[in-house]
Amino acid sequence: MKQDSDLRNNLKSIRTRLGMSQQDLANIANVTRQTISGVESGLYAPSVAITLRLAKALGCQVEDLFWLERDLPEIEAVLAKPVPNGQQLRVSMARVGGQWIAYPLIGKDAFRQDMIPADGEAVAVDGFPGISKLLNPKGESTSLAGRNKVRVRLLDDNLETLHNTVVIAGCAPVISLWARATERWHPQLRVQYNFANSMAALHSLCRGEAHIAGMHLYDPETGEYNTPFVRDVLAGREAVLITLGVWEEGLLLKSGNPMGIRRVSDLVAGGATIVNREIGSGSRMLLEQTLQKEQIPFDAVQGFDNILKSHQDVAQAVVGGVADAAISTASIATAFGLGFIPLHQSRYDLVILKEYLEEAPVQQLLSTLGHRMVHSQFEILGGYDISKIGEVVATV
C-alpha cells in the first residue's frame with residue numbers, strides 16, 4: 001500500500017535500539033526484508049496484520065511505531081521553573097526519575113552561544129503557586145510536588161532522543177566539551193547541560209530536574225570538597241561523587257596586571273573594583289573564605305555586591321573594563337587572554353543519585369570519562385588536572 005503522506009513511523013529507531021537487523025525483524029514478523037525496508041523508508045504503509053506483527057515482534061504498542069504527522073505526540077510534563085501564567089513556551093524535554101521534565105527556554109536559558117532548539121511547545125495554564133510556597137528558607141526549591149504540569153506538544157516524533165537525554169546541572173564550561181565529545185562517540189545520546197552554580201545544581205538534582213549535578217565547594221571545617229554539602233542537601237538519599245577534575249581557582253586580572261595585584265588584600269589596598277558571583281557558587285565561596293581568612297570585611301571590597309552569574313560573564317566584565325578583577329579559573333583566564341593569580345585548587349565532582357546509575361544513557365555518558373577524546377579536550381585548556389577523572393571519591 002502506498003504510504004499516506006501524513007503517516008510517520010519509528011520502526012528503524014526501535015529496531016536498531018534492540019540490536020536487530022532488518023532481516024532479523026523480518027524473520028520474527030514473518031515478512032520480507034524488503035517490507036521492512038519499505039516501511040522504514042516511508043515508501044508504503046503496512047497492512048493492519050503486518051502492523052500488529054511488527055509491534056508484537058518489537059514488544060511495543062502500535063502507537064509507538066506509527067502516528068500521523070498532524071497528530072504529533074503530546075506529553076504531560078512538570079515545568080522545571082516558574083513561568084508567567086498563560087505564557088506560550090518553547091521547552092526542552094528529558095525524562096528524569098520516571099517523569100517528564102520540561103525546561104523553559106526563556107531568556108539566557110534559551111541560549112548557549114546559538115539558540116537552543118526546542119523539543120516542544122507548552123502553555124502554562126494553571127500558573128505556579130506563590131514563589132514563597134516553593135522555596136525553602138535558603139531560597140531553594142525543594143520539590144517538584146505542587147508545581148503545575150503542562151501538556152507539551154512535541155515538534156517532532158523522535159521520542160527516542162528524549163529517552164536518551166542525560167541532564168547535567170552545573171557551571172563548569174568543560175561540561176559542554178565533555179557533552180559534545182560524548183555525543184560524537186555515542187550519536188544516539190543527547191546531553192542537556194543546564195547552567196547552575198554548585199548549590200543550585202545540587203538542589204536541582206534533589207528536586208528531580210537533573211540526573212547529574214556538578215559542583216566545586218570546599219568546606220574549611222572538614223577540609224573536604226563537596227561531600228558535606230551533598231550530605232546536607234540530599235538528606236539521606238544515596239548518591240555517588242565522581243571526580244571530573246581538579247582546577248585552579250583564583251583572581252582574573254587585566255592582561256599585564258597593570259594594578260600589580262598579587263593577593264586578595266591588594267584589591268582593597270589598590271582600590272580595585274571586582275564583580276562577584278551569586279550566593280551558592282564556588283567562586284563566591286572561595287572569595288568569602290579568603291577574605292575571612294585575611295580578616296577583610298566584605299564591604300571593604302569595591303564591587304562585592306556586583307553580581308554576575310557565570311564564569312564567562314565575570315571574565316567578560318574584566319576584559320571590557322567593567323571590573324579590575326574577579327574570581328574564576330585558570331582555564332577561563334587563558335580563554336579570555338587575562339592574567340591569573342592562583343588562590344586555590346578545587347575538585348570538581350559529579351554528583352549522581354544511585355537510582356540513576358543503572359540507566360543506559362547515564363552509563364554511556366560516564367563511560368566516556370576514560371576516553372582519550374575527552375581527556376584531550378580538557379588537557380588543551382590548561383589549568384586542569386584530570387589524573388583522577390572518573391574516580392568515585394565518595395558515596396553518601
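My aim in this report is to walk through the structure given alongside it, one point at a time. (Residues numbered from 1 in each chain as written. Predicted model: local features only at pLDDT ≥ 70, side-chain atom pairs only at ≥ 80, totals over all residues. Heavy atoms only, no water.)

Quick look at the packing of helix α2 (residues 22–29) against helix α4 (residues 48–58)
Threshold: Every axis in this analysis is a line fitted to C-alpha atoms, fitted for helices over the stretch in contact. Angles between the N-to-C directions lie between 0 and 180 degrees. A run of H or I in DSSP counts as a helix once it spans at least four residues, and a run of E counts as a strand once it spans at least two, with each numbered from the N terminus. When describing relative orientation, an angle under 35 degrees is termed roughly parallel and one over 145 degrees roughly antiparallel, while 65 to 115 degrees is termed roughly perpendicular and anything else oblique. Here a crossing is called left-handed whenever its near helix is offset anticlockwise from the far helix by less than a right angle, and right-handed whenever the offset is clockwise. Contacts between residues were defined by any pair of non-hydrogen atoms, one from each residue, lying within 4.5 Å. Only Asp, Glu, Lys and Arg are considered charged in this grouping, and only Ala, Val, Leu, Ile, Met, Phe, Trp, Tyr, Cys and Pro are considered nonpolar; every other residue, Gly among them, is considered polar.
Put simply, α2 and α4 touch, their axes get as near as 9 Å, and they point 110° apart. By the angle between their directions, the pair α2 and α4 is classed as roughly perpendicular. Crossing of α2 over α4 shows right-handed handedness. Two secondary-structure elements touch here, α2 through L25, I28 and A29 and α4 through R53, L54, A57 and L58. Each residue belonging to the contact of α2 with α4 can be placed in one class, and the counts come to six nonpolar, no polar and one charged.

Digging into helix α15 (residues 360–367)
Short version of the rule: Burial classification: accessible surface area is computed with a 1.4 Å probe over protein chains only, and a residue below 20% of its type maximum counts as buried, one above 50% as exposed, and the rest as partly exposed. Think of it as the arc spanned by the lines of direction from the helix axis to the C-beta atoms.
Of the residues making up α15, those classed as buried are P361, V362, L365 and L366. Each buried residue of α15 lies within a common arc of 130° when the element is viewed along its axis, so the set occupies one face.

A few points about helix α9 (residues 198–207)
For clarity, the threshold we go by: Whenever a nitrogen or oxygen atom comes within 3.5 Å of another N or O atom, the pair is scored as a polar contact, on the condition that within protein one atom can donate a hydrogen and the other can accept it, and that pairs from neighbouring residues in sequence are kept only if both atoms are in side chains.
Counting buried positions over the 10 residues of α9 gives 10, a clear majority of the element. Regarding α9, the residues found buried are S198, M199, A200, A201, L202, H203, S204, L205, C206 and R207. Along its buried surface, α9 packs onto β8 (165–170), β10 (212–215), α10 (227–234), α12 (282–293) and β17 (339–353). Taking the backbone nitrogen of M199 as reference, a side-chain oxygen 3.1 Å away marks N197 as the first, capping residue of α9. G208 occupies a position one or two residues after α9 and carries a positive phi of about 85°.

What to know about the pairing of strand β13 (residues 239–253)
Filter applied, for reference: Strands are treated as partners if at least two bridges between them are detected by DSSP.
Burial of β13 is extensive: 14 of the 15 residues sit out of reach of the surface. Here two bridges tie β13 to strand β18 (residues 384–385), and the two strands are oriented antiparallel to one another. Bridge pairing in β18 places W247 opposite Y384. Where β13 meets strand β16 (residues 325–329), five bridges bridge the pair, whose relative direction is antiparallel. In the sheet register, L253 faces β16, and the bridge partner there is A325.

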